[in-house]
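Single-letter residue listing:
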Amino acid sequence: MSLSKKCVDTVRILSAEAIERAKSGHPGICLGAAPIGYELFADFLNFSYNNPKWDNRDRFVLSAGHGSMLLYSLLHLFGFGLTKDDLMNFRQFGSLTPGHPEYGKTIGVETSTGPLGQGLGNAVGFAVAEAHLAAIFNKPDYNIVDHYTYVLCGDGCLEEGIGYEACSFAGNQKLGKLILLYDCNKITIEGDIKTSFSEDTATRFLAHGWQVIRVPDANDLTFLKAAIERAKAETERPSLVICNSKIGFGSPLEGSADSHGAPLGAENLAKTKEYFNWTEEPFEAPADVKEHCRRIAERKLVAESEWNKLFAAYERQYPELAKQYKQFMHGYEPDFSDLFDCFSFDKPEATRISGGKVINEISKIVPNLMSGSADLSPSTKTELKGNGYFSPENREGRNIRFGIREHAMAAICNGIQLHGGLRILCSTFFSFSDYMRGGIRMSALMNIPVIYVMTHDSIGVGEDGPTHQPVEQLVSLRSIPNIKVFRPCDGKETVSAFVSAFTQDSPTVLVLSRQNLNQYKTSGLKALAGGYILSDCKGTPDVLLISTGSEVDVCAGAKEILEGEGLKVRLVSMPSMEEFEKQTPEYREYVLPKAVKARVCVEAASHYAWYKYARDYGEVIAMHSFGISAPASVLFDYFGFTKENIAEAARRSVANVKKG
């Protein structure tokens, strides 16, 4: 037996043992795709186990994240710090080897994967970032940014719609340093895929503009190596390497869906070890395998050393460019102190228009910002003016045309952000955020600061009707942990929302209006607190009016009516519930004193988020249905978003408090 084959078998057995010990997991892909993983790590991936975040490393994405134990076994053998105990604690509480790869938890994991197809989109984002940064910083004889992105997927990733979107985009962009290794075993949870996925995958990818290479047997390491070398040689097209494999290879469950998502079982594991002539103690790799992998990993350290020498020479030759590269890759604090002075919001204006102005000003302060949209930048106003569009002919372009591919757009943006060196913003209409939710959720789960600009924020969209009028989207996104949603009421709140997005590490959704909104002298930086007193009264208020976005203006009209009747009214703007909840209890009590029980919460969206602020005696004026196709002004009247209706709700709330 060759030593390389012995290494592959070691990956198989370690993975199967860990899954058996955990009593859960996915052994099928680990047994079948082990040759692909080993070949990549041994002969292709440039990495440094001493510096796993080395800028110029190759990126590897396990899009088929259920095969996590395959990745953990490879990281263990190639020196990334995962120990025998870590493998033994697979899927256990607090371990470094969770059920699916998690970014930020396990060294060597480039992105969190599991929802099928997300990793494909992430990998496309890595390739976009590499191409863009290379165009900015590389000089003749100084290829400072020069690495590949490899992604391993199965049938499931290619069945998901996001896979079509991402791979179509990648082919159109000619991302030649993206290599997709397709573990083609034709089995999913329900069994043979012939009843659900019978298309000619090779022809599909040729139509996408990819190079397609076939590996008849994934166990043939020589053929596999030649295929990947051929993929690397093609720099004008991304490459698909179709690796025909057998799920559960070497086990009694080979070729069966029974090996997909459940341990082999003790008896079948024993027979699998017998098939591979395995005699090692549990969770032990053969000594010659450990030494072989150690030597490979040590040889790979040379690549980082050579790159460091190259960068030192580059720094001498191009000192300003090298300084900028370091700022891009390792971060700097943008100075937004003068940002408010750049704008004079002195007339009614849609916050999408305000947002476009802010984005373009910020692009001067944040030179590594890229912006893209799902074919809607003329409406979302997110184009970075004068900065060109990223394309095969213009890799320096800072704008990205994602096409009408919202789900892939979110996943690609996650990859761009994860790559390092860039900030990314993307946009679409708010109602279409539903198509992006999987990617937005992954941004939040990984705690990466992707910025989502969602315009046409409410029934104010008007004549386009209920398909385009978001109602439930605000509460839906607010329910995702670790994300902040901003719905500003004017231009200055919009500036604050963007400042918050660019100065914190979590993802942000900015929800902006289509219709013009009035401007407020008292808004501004206070909006960074998420909620604040926009307009107050003397003494203790009789009633609180709490609102966001365009409805703040209607509340201001209701405040005038109520004050004319002798009531003391405090108007609170609440552009971001998440940021408000982060404030101290003292601040929150100052803005929304518990003693003031009469309250009216107003938002032209679902009512569910507002009851915690309305409390026992408050009223909520919000949407309880979908919208209707009609002019916005008609809809606001019809659904009760009028100053008169809000004033009447305030009177009822005051009366209810008095009744006790």
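Bear in mind that the values here come from a model prediction, so they are computed numbers and not experimental data.

S.K.: Any chance you could explain the pairing of strand E13 (residues 508–511) here in plain terms?
M.R.: In E13, alternate side chains face the same way, and those of Thr508 and Leu510 on one face and Val509 and Val511 on the other are all buried. Sheet topology note: the strand E12 (residues 484–486)/E13 ladder contains 3 bridges and is parallel. For Val485, the partnering residue across the bridge sits in E13 and is Val509. In the classification by handedness, the crossover that spans E12, the intervening helix H18 (residues 491–503) and the parallel E13 is right-handed.

S.K.: Help me understand the sheet that holds strand E18 (residues 619–623) in this model?
M.R.: The strands making up a sheet associate through hydrogen bonds between their backbones, and the pairing can be parallel or antiparallel. Strand order in this open sheet of 5 strands is E14-E16-E15-E17-E18, and the pairing throughout is mixed. Both edges of this open sheet fall to strand E14 (532–535) and E18, since each of them pairs with a single strand only. Strand-to-strand, the axes of this sheet are offset by a mean angle of 25°, without reference to chain direction. Relative to strand E16 (residues 569–573), E14 is paired through 3 bridges, and the arrangement is antiparallel. In the sheet register, Ser535 faces E16, and the bridge partner there is Leu571.

S.K.: Help me understand the packing of aromatic side chains, please; the structure alone is not making it clear to me.
M.R.: A ring pair, where both rings are aromatic, is described by two values, the distance of the centres and the angle of the planes. A complete count under the given rule lists 33 aromatic pairs for this structure. On the numbers, 6.1 Å between centres and 65° between planes, the contact of Phe580 with Tyr613 is edge-to-face. Of the two residues, Phe580 sits in helix H20 (residues 577–582) while Tyr613 sits in helix H22 (residues 611–614), which places them 33 residues apart along the sequence. Looking at Phe580, the relative accessible area reads 1%, which means it is buried.

S.K.: Please explain the side chain of Gln473 as it appears in this structure.
M.R.: If you trace the backbone, Gln473 turns up in helix H17 (residues 473–478). Here Asp434 takes part through its side chain, which lies 2.9 Å from a polar atom of the side chain of Gln473. For Gln473, the side chain forms a polar contact with the side chain of Glu472, separated by 3.4 Å. In contact with Gln473, other than residues within four places in its own chain, are Phe430, Ser431, Ser433 and Asp434.

Calculation notes
Numbers given for residues are sequential positions, taken from 1 along each chain in its written order. pLDDT decides what is reported in this predicted model: residues at 70 or higher carry local features, side-chain atom pairs at 80 or more are listed and counted, and totals for whole chains, interfaces and linings draw on all residues regardless. Heavy atoms throughout the structure, all of them, feed into the side-chain values; hydrogens and water do not. Think of it in three bands: residues with accessible area under 20% of the maximum for their type are buried, residues over 50% are exposed, and the middle band is partly exposed, with areas taken using a 1.4 Å probe on protein chains only. Under the scheme used here, helices are H or I runs from DSSP no shorter than 4 residues and strands are E runs no shorter than 2 residues, and both carry numbers assigned from the N terminus. By this definition, two strands are paired if DSSP reports at least two bridges between them. Here is how to tell: hold the view so the strands point away, follow the path from the first strand over the helix to the second, and if it runs clockwise the crossover is right-handed. Only the stretch in contact is used when fitting a helix axis, every axis being a line fitted to C-alpha atoms; angles between N-to-C directions are given from 0 to 180 degrees. Put simply, two rings from Phe, Tyr or Trp (the six-membered ring, in Trp's case) pair if the centres are within 6.5 Å, and we call them stacked under 30 degrees between planes, edge-to-face over 60, tilted for the rest. Pairs of N or O atoms within 3.5 Å make up the polar contacts considered here, provided that, within protein, one atom can donate a hydrogen while the other can accept it, and that residues adjacent in sequence are counted only when both atoms are side-chain atoms. The criterion used for residue contact is that any of the two residues' heavy atoms lie within 4.5 Å.

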